[in-house]
Protein chains: 2
Amino acid sequence: MSEPILLNGRWEHAAEEKTFQSVNPTTGEPLPYEFPVSPLDIVEAMIQAGAQAAAELRDTSLEARAAFLKDFADRLEANREAIVSAAYTETALSASPRLQGELDRTVNQLRQAAWAVEDRSWVTATIDTANNIRSMFGPLGGPVVVFGPNNFPLAFNGASGGDFAAAIASGNPVIAKANPSHAHTTRLLAQAALESIQATGVPRATVQMLYRTAPENGLRLVSHPAIGATAFTGSKAGLNLKRAADAAGKPIYLELSSVNPVFILAGALDERLESIADALYASCTLGAGQFCTNPGLVFLLASDASERFIEQAGARFDSTEGGILLSEYGPESMAEAVQTWEAAGASRITGGARVPGERFRFQNTLYRVSAQTFMAYPSELQTEAFGAASLVIVADSEAELVQAIGSLEGNLTGSIYSHTGSVDDALYDAIEPALRGKVGRLLNDKMPTGVTVSPAMNHGGPFPSTGHPGFTAVGIPASLHRFAALYSYDNVRPHRLPPELQDRNPTGTMWRYIDRAWTQSDVG
Amino acid sequence: MSEPILLNGRWEHAAEEKTFQSVNPTTGEPLPYEFPVSPLDIVEAMIQAGAQAAAELRDTSLEARAAFLKDFADRLEANREAIVSAAYTETALSASPRLQGELDRTVNQLRQAAWAVEDRSWVTATIDTANNIRSMFGPLGGPVVVFGPNNFPLAFNGASGGDFAAAIASGNPVIAKANPSHAHTTRLLAQAALESIQATGVPRATVQMLYRTAPENGLRLVSHPAIGATAFTGSKAGLNLKRAADAAGKPIYLELSSVNPVFILAGALDERLESIADALYASCTLGAGQFCTNPGLVFLLASDASERFIEQAGARFDSTEGGILLSEYGPESMAEAVQTWEAAGASRITGGARVPGERFRFQNTLYRVSAQTFMAYPSELQTEAFGAASLVIVADSEAELVQAIGSLEGNLTGSIYSHTGSVDDALYDAIEPALRGKVGRLLNDKMPTGVTVSPAMNHGGPFPSTGHPGFTAVGIPASLHRFAALYSYDNVRPHRLPPELQDRNPTGTMWRYIDRAWTQSDVG
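Given the structure is predicted, the values throughout are model-derived calculations rather than measurements.

A. Inspection of the overall build of chain A at higher detail. Scanning chain A from N- to C-terminus turns up 15 helices and 24 strands. Whereas a compact globule of 524 residues would reach a radius of gyration of roughly 24 Å, chain A reaches 24 Å, a difference of no more than 12%. Overall, chain A is about 75 × 60 × 40 Å in size when its C-alpha atoms are taken along their principal axes. When each of the 524 residues of chain A is scored for burial, the buried share is 64%. The long-range share in chain A, meaning contacts at least 24 apart out of those at least 6 apart in sequence, stands at 74%.

B. The arrangement of the interface of chain A and chain B in detail. Contacts between the two partners involve 68 residues from chain A, matched on the other side by 68 residues from chain B. The junction of chain A with chain B conceals about 5800 Å² of combined surface from both sides, 51% of it contributed by carbon and sulfur atoms. Taken together, chain A and chain B are joined by ten salt bridges. Here A:Asp490 and B:Lys446 are joined by a salt bridge, their closest N and O atoms 2.7 Å apart. Listing elements by their share of the side of chain A that touches chain B, those giving two or more residues are helix H4 (95-119), strand E7 (126-128), strand E8 (133-138), helix H8 (238-247), helix H15 (425-436), strand E21 (439-444), strand E22 (485-490) and strand E24 (517-519) of chain A. Partitioning the side of chain A that touches chain B into residue classes produces 31 nonpolar, 22 polar and 15 charged. As paired strands, E21(A) and strand E22 (residues 485-490) of chain B are joined by three bridges and run parallel to one another. For A:Leu442, the partnering residue across the bridge sits in E22(B) and is B:Tyr489.

C. View of the relation of the copies chain A and chain B. For the pair chain A and chain B, the best superposition has an RMSD of 0.0 Å and corresponds to a rotation of 180° with a translation of 0.0 Å parallel to the axis. The two molecules are tied by a two-fold rotation axis, judged by turn and shift. Here 100% of the contact residues of chain A are again contact residues in chain B; the copies associate through an equivalent surface.

D. The arrangement of the packing of helix H1 (residues 40-58) of chain A against helix H7 (residues 215-223) of chain A in detail. All names here are of chain A. Close contact between H1 and H7 brings their axes to 10 Å; oriented N to C, the two are set at 20°. One way to sum up the angle between H1 and H7 is to call them roughly parallel. The way H1 lies across H7 gives a crossing that is right-handed. Residues Leu40, Val43, Glu44 and Ile47 of H1 form the contact with H7, whose participating residues are Asn217, Arg220 and Leu221. In terms of residue class, the contact of H1 with H7 is made up of four nonpolar, one polar and two charged.

E. Quick look at the sheet that holds strand E24 (residues 517-519) of chain B. What the twelve strands build is an open sheet, ordered E17(A)-E18(A)-E19(A)-E16(A)-E15(A)-E20(A)-E21(A)-E22(B)-E8(B)-E7(B)-E23(B)-E24(B); its pairing is mixed. Whereas interior strands pair on both sides, the edge strands pair on one side only; in this sheet they are strand E17 (347-350) of chain A together with E24 of chain B. Adjacent strand axes in the sheet meet at a mean angle of 20° when their direction is disregarded. Bridge count for strand E20 (residues 411-417) of chain A against E21(A) is five bridges, and the pairing is parallel. Pairing of A:Ile416 across the sheet is with A:Asn444, part of E21(A). Sheet contacts for H15(A): strand E15 (261-264), strand E16 (297-301), E20 and E21 of chain A together with E22 of chain B; angle to E21(A), the most-contacted strand, approximately 160°.

F. Quick peek at the confidence of the model for chain A. Looking at chain A, the pLDDT average stands at 97 and 100% of residues meet or exceed 70. The ipTM value of the predicted complex is 0.98, and its pTM value is 0.97.

G. Region of the structure containing helix H9 (residues 266-285) of chain B. Residue and element names in this part refer to chain B. Here H9 contains 20 residues, and its C-alpha end-to-end distance of 24 Å is more than 12% below the 28 Å for a straight helix at 1.5 Å per residue. Roughly 100° is the biggest bend found in H9, and it falls at arginine 272. Every buried residue of H9 is accounted for by Gly267, Ala268, Leu269, Arg272, Leu273, Ile276, Ala277, Leu280, Tyr281, Ser283, Cys284 and Thr285. Residues of H9 that are buried sit in contact with strand E15 (261-264), strand E16 (297-301), helix H10 (304-318), strand E19 (389-395) and strand E20 (411-417). Downstream of H9 by one or two residues, glycine 287 has phi in the positive range, about 55°.

H. Layout of the packing of aromatic side chains. With the rule as written, the count across this model stands at 32 aromatic pairs over all chains. Between A:Phe263 and A:Phe299, the aromatic rings sit 4.5 Å apart at their centres with planes inclined by 5°, giving stacked as the arrangement. Of this pair, A:Phe263 sits in strand E15 while A:Phe299 sits in strand E16, and the two are 36 residues apart along the sequence. What makes A:Phe299 buried here is its relative accessible area of 1%. One aromatic cluster in this structure is built from A:Tyr253, A:Phe471, A:Phe483, B:Tyr253, B:Phe471 and B:Phe483. Positioned over the ring face of B:Tyr489 is A:Arg436, at 4.5 Å from the centre of the ring. Over the aromatic face of B:Trp115 sits the side chain of A:Arg516, whose NZ or CZ is 3.8 Å from the ring centroid.

I. Quick look at the packing of H4(A) against helix H5 (residues 162-169) of chain A. All names here are of chain A. Running from N to C, H4 and H5 point in directions that differ by 15°, and their axes come no closer than 9 Å. Accordingly, the angle class assigned to the pair H4 and H5 is roughly parallel. Considering only the axes of H4 and H5, their crossing is right-handed. Every residue of H5 that contacts H4 at Gln109, Leu110, Ala113 and Val117 is listed here: Gly162, Phe164, Ala165 and Ala169. Class assignment for the residues of the contact of H4 with H5 results in six nonpolar, two polar and no charged.

J. Focus on the sheet that holds strand E3 (residues 18-20) of chain A. Residues and elements named next belong to chain A. Taken in spatial order, the three strands line up as E3-E6-E12 in an open sheet, and their pairing is mixed. What marks the edges here is a single partner per strand, and that holds for E3 and strand E12 (212-213). Pairing of strand E6 (residues 35-38) with E12, which is carried by two bridges, proceeds in the parallel orientation. Looking across to E12, one finds that valine 37 is bridged to arginine 212.

K. Broad picture of the environment of A:Ile133. Looking at the secondary structure, you find A:Ile133 in strand E8. Separated by 356 residues in the primary sequence, A:Ile133 and A:Tyr489 place their C-alpha atoms 5.7 Å from one another. The contacts of A:Ile133, once residues within four sequence positions are left out, are A:Thr126, A:Ile127, A:Asp128, A:Ser488, A:Tyr489, A:Asp490, B:Thr452, B:Ser454, B:Ala456 and B:Met457.

Conventions we followed
- Residues numbered from 1 in each chain as written.
- Chains lettered and ligands numbered in written order.
- Predicted model: local features only at pLDDT ≥ 70, side-chain atom pairs only at ≥ 80, totals over all residues.
- Heavy atoms only, no water.
- Helix = DSSP H or I, 4+ residues; strand = E, 2+ residues; numbered from the N terminus.
- Rg over C-alpha atoms; globule rule 2.2 N^0.38 Å.
- Buried < 20%, exposed > 50% of the residue type's maximum accessible area, 1.4 Å probe, protein only.
- Contact = heavy atoms within 4.5 Å.
- Buried area = accessible area lost by both parts, 1.4 Å probe.
- Salt bridge = Lys/Arg side-chain N within 4 Å of Asp/Glu carboxyl O.
- Nonpolar A, V, L, I, M, F, W, Y, C, P; charged D, E, K, R; others polar.
- Pairing = 2+ DSSP bridges.
- Least-squares fit on C-alpha atoms with pLDDT ≥ 70 in both.
- Axes fitted to C-alpha atoms, helices over the stretch in contact; angles between N-to-C directions.
- Parallel < 35°, antiparallel > 145°, perpendicular 65-115°, else oblique.
- Left-handed = near helix turned anticlockwise from the far one by under 90°.
- pLDDT = per-residue confidence, 0-100.
- Expected span 1.5 Å × (residues − 1).
- Bend = angle between axes of the 7 residues up to and from the residue.
- Phe/Tyr/Trp six-rings, centres within 6.5 Å; stacked < 30°, edge-to-face > 60°.
- Lys NZ or Arg CZ within 6 Å of the ring centre and 35° of its normal.

If you want it as structure tokens, here you go:
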């Protein structure tokens, strides 16, 4: 019998169209569990239950909503070993430090989300006393559909990750679409969520989960009139979902591919060439390179030092065998990306092929190309190789380096390494204005992997790295605003206002924007 | 010779595909000016100039940006009579109080936008000192295209209105697409804007303006890689623009049709039937009913009092001849909407036809239908009649009234009139949860026309009233966030940070979110 889905508060052996298995990338063998591919009527049933839960959540106390998030965090910690072990089996990511750390991050996000619920400031309660108009952000009124990616089985999982935490914290139920590459892990996470639902008394369909459904059902799901919004993290396949959601006027937040340019200026190479080569190698090969913030492009100015840097970086890339990728499609997709680079004129420094005899491994890969060629083939040379691969772009002059930035697509991040003194400041000042608008997060002297859960984080950026440049997928409370609608109250009688908009500050500590000043005080 | 367009800081008699004239609705005669329909290469030139201006605005001081907005407001006041006169001639809206008041509103919006620039708090500067990550909202990096509607020749004009003010205040140049029904008015507004550009030294292409272009060029405009975003106010024709912009990953904000349900509960009728009938009549016929917040649906419970209310309202609607509509398409479109209502089972109380012998007038119109029929034909019976027309929906029971809310589409507003005591509170409590998520602004004891420029306003709502439920087109500073990207700075050296994110508060009064508290203090 295949595994059950989580439908309206129960594990159900519901109708299925076919089944699939996830695979252990370390052994290449399918795992013993059979997971259902759910038909449309199950998807519809899940949406209806989610819509009901959205209405019920309106009448559920903030205390219960926060308690759910905290209880769930506690249960993930209590089940740490089983969850990490399942995730390791399905992903081959290192159990420690990677998956242990990812579980810590997941738990941290859930607890920060609980804090945001209790703090309440995220709703941006705005009070105009002269006109007696008051507004705040509130839930969308329908479930949020979360598609998790293959590369973060816990911290971005549809049933436990950042989008999940933000959607619940802002008052919306979640329909989690498991990533099929770690279906069993998602089952364990959803089980913990169900126990937390039962323990804290939030609506039974606050969290639902299915493993797979046909692509056309996915389009129906994200465009259904009864849903609130969708969050998708993954490949450009998400653009199909975007088209369907956009046509239906349903908000959809995407985190798609990104090649994360890193600029290494001459003064920095003079000063600390080897340590930067270490940092590039470490960042690019972390998690077998399967990060949306992987440093996929490295910009250098032509010089002897840059040649030494390329040599040093190449040696490091060459020093280890490529890691195990998340699926057997990984090496195939890497090979295609590298072929695209080569066809556009890039040349190999190291790597570029599968590890011989291995279905799941691809060599650590470093290529190079001139900035002129990059500008001639910007689309091909920004093809994301989702793994441990970087393309070095060498510019003949500072002017050409700055000019090449004009050919960059929207990215999640951009990094600039410069001399610790002021040697590189003039070039920095030329690069920064061109780069700033192309990336969501600008870094100095740091590789882009490592996305801190900070209120000031932007894990987002201009299209095509995401679907909208104003929102972040990481960082609390900012990420909650993706799943919120703005509700204004015009001349509404005081006793009918939500507590957050009444004259008295409901917590005594909540921040509100009253008559154009932020305050924790009551009105008047 | 046809009128020039405003291209890159100059009035240009550029290439044109054909010309058109605007019409005086009072006389039905074309006005003497010929306006060009611009070809694609002109559109492209405008986008390139706008992109250049976007880059230049980055290096323009906030003082200059604010000075532009204030100088422009001053010039509109100085040219008040000419502008109001032009708008009256092109729209037949009353010069006073309507157009005089609209000019006041326009000037007020521009001055509030200037305040937002100087105040700087709108950027939501967020500082995480422990991780040294800092973020703020900033400009999009390309021009914002603003399509103004026909019904607000000043306050929502692409060259002077709320979207314009918000786009400039957030640091983006504007490409104004004039509404062809008031092209000459738009010419005068753009001339004042050009004078303000020259007087304050902001980039020459900070404001550009064209009158018309072929629909396919409009699709190119809103999806062009070099633009920042689009704001469109008008009919559902905007959905074509949305499709093109969405496919290109370009933000687009729409304000489309809305029927603005008004619920009048039994206790309110007992108490003040006549004054509510007065309010409905006044709100519905204001500006010949051509408001996006026009009260187009009125929900009543079946009773003798409701019948008296319908009779009283009908008598008021019948007491004046229908106003002059903005174009000769107005009466045609009204007739089509009313036919759609009739075909779905609505019956006439009064009006329903053109004023005999008048090309631009339609009778004040009131229809009625049962809630059962409304629920059977929700789409037909929510067809917007853009003019002085309302459809009364009579429910047989409180349960049916609440049930009917489930058939409502997303709207800008929803109003509830109830007894000044607690008589209606139980029914209010049943209606409010169902209605709240369907509307952007909820009102008590007030008609929806009259959209105060308040920080707590939401002139927005769920699809299809707009394209995203989280944004407002009116209200400063909130409306600025539509035209902003989130920029995070991770480990960026202090002297390279924007002033808003440096340790020292740049104004001493700007509000910043530092370590999860709002403050006007410096860091540390």
